[in-house]
Amino acid sequence: MTDATMIDDPTRGVRLEVLSAGEGEPVVLVPSALRGAIDFARLQNHLTEAGYNSLALNPRGVANSTPPPADISLRDLADDVALVVQQLGSGRAHLVGHALGNIVVRATASYRPEVAATVAVMPCGGHNLGAHPVAPEVLAAFARCHDVSLSDEERLDALRVAFFAPGNDPRSWLDGWWPTSSFGAVTQTDPEEWWRAGNAPLLIIQPLDDAMAPTAVGRDAAAALGDRATYVEVSSCGHAILPEQPEAIAEHVTAFLRAHPLEPS
């Protein structure tokens, strides 16, 4: 059971919707591009059972959150996450990001390190697209996933290409799309500023069938970050990962959180 809460930052002209559940250490959840907090519903249930307060953010342009301006920056998105931590958390929280959210939470830990106790990403990607570009056919499929002018079958085929591992049912992702994205903020920012997630402990959950973020990206990042990174691979899932392997995701996230409890303030 989640409660919807609106938070405001009048100085920046932003209003954000957050779905909260459970009690305990705060865990902020940031979703994929064009998608919302509801994608974390099953993970929130697990986190509640494990004794955590999960705070799933509807990013700008999703549900009741303020639409993003054309010139939105990655620092703006990091400040949005920090706002959630400051107003609904304890001033410091665990950060979890899926897909585009993986970039946003790493940027938050880099630009606003005071709010980031730990960072977990699924997958780790988007920081080295020059070395690991997304294939044109995958990008084309991504655009078709949320095109409601297409038939369900066409969109399901696109979801299979862009997001889901072979054999997994993509039907749950026919819904839940929003027409506004802040992805442009990523392309305007040098990844050297944010890809290391500051100095926070980092969990990398890497899908083994990800068409957008190859396994090599996660492995290379974990090797570069050394002891600060915990690296796990999950089979039979692609870029969507959350609806494909919810039990495995919950197990890895909760184990990481328990290994890194918040220090008393």
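Residues numbered from 1 in each chain as written. Predicted model: local features only at pLDDT ≥ 70, side-chain atom pairs only at ≥ 80, totals over all residues. Heavy atoms only, no water.

1. Some words on the packing of aromatic side chains
Any aromatic ring pair is given by two values, namely how distant the centres are and how the planes are angled relative to each other.
Phase 1: The full count for this structure, using the stated rule, is six aromatic pairs.
Phase 2: For the ring pair Phe142 and Phe163, a centre distance of 5.8 Å and an interplane angle of 45 degrees mean the geometry is tilted. Placement of Phe142 in helix α4 (residues 136-145) and of Phe163 in the loop between α5 (152-162) and α6 (184-187) is noted, with a sequence separation of 21 residues between them.
Phase 3: Classification of Phe142 by relative accessible area gives partly exposed; the value is 22%.
Phase 4: Among the aromatic side chains, those forming a connected cluster through ring pairs are Phe142, Phe163, Phe164, Trp173 and Trp177.
Phase 5: The positively charged end of Arg35 is found above the aromatic ring belonging to Trp173, 3.9 Å away from the centroid.
Phase 6: Its guanidinium or amino end placed over the ring of Tyr111, Arg75 lies 4.0 Å from that ring's centre, counting from NZ or CZ. (Phe/Tyr/Trp six-rings, centres within 6.5 Å; stacked < 30°, edge-to-face > 60°. Helix = DSSP H or I, 4+ residues; strand = E, 2+ residues; numbered from the N terminus. Buried < 20%, exposed > 50% of the residue type's maximum accessible area, 1.4 Å probe, protein only. Lys NZ or Arg CZ within 6 Å of the ring centre and 35° of its normal.)

2. Some thoughts on the nonpolar core
Phase 1: Among the nonpolar cores identified, the biggest contains 44 residues, and Val28, Leu74 and Val119 are the most heavily contacted of them.
Phase 2: Sort the elements by how many residues they give to this core and helix α2 (residues 74-88) lands first, with eight residues.
Phase 3: Val27, Phe40, Ile241 and Ile249 belong to the second largest nonpolar core, which has 25 residues in total. (Core = buried A, V, L, I, M, F, W, Y, C linked by side-chain atoms within 4.5 Å.)

3. Details of the pairing of strand β7 (residues 202-207)
Phase 1: For β7, the buried fraction is high: six of the six residues fall into the buried class.
Phase 2: What you see with β7 is no split at all: Leu202, Ile204 and Gln206 on one side and Leu203, Ile205 and Pro207 on the other are buried throughout.
Phase 3: Sheet topology places strand β6 (residues 116-122) next to β7; three bridges connect them, and they run parallel. Paired with Ala120 across the strands is Leu203, a residue of β7.
Phase 4: Where β7 and strand β8 (residues 229-234) come together, six bridges link them in parallel fashion. Paired with Leu202 across the bridge in β8 is Ala229.
Phase 5: At this point the chain moves from β7, through helix α7 (residues 215-225), to the parallel β8, and the crossover so formed is right-handed. (Pairing = 2+ DSSP bridges. Right-handed = clockwise from strand over helix to strand, strands pointing away.)

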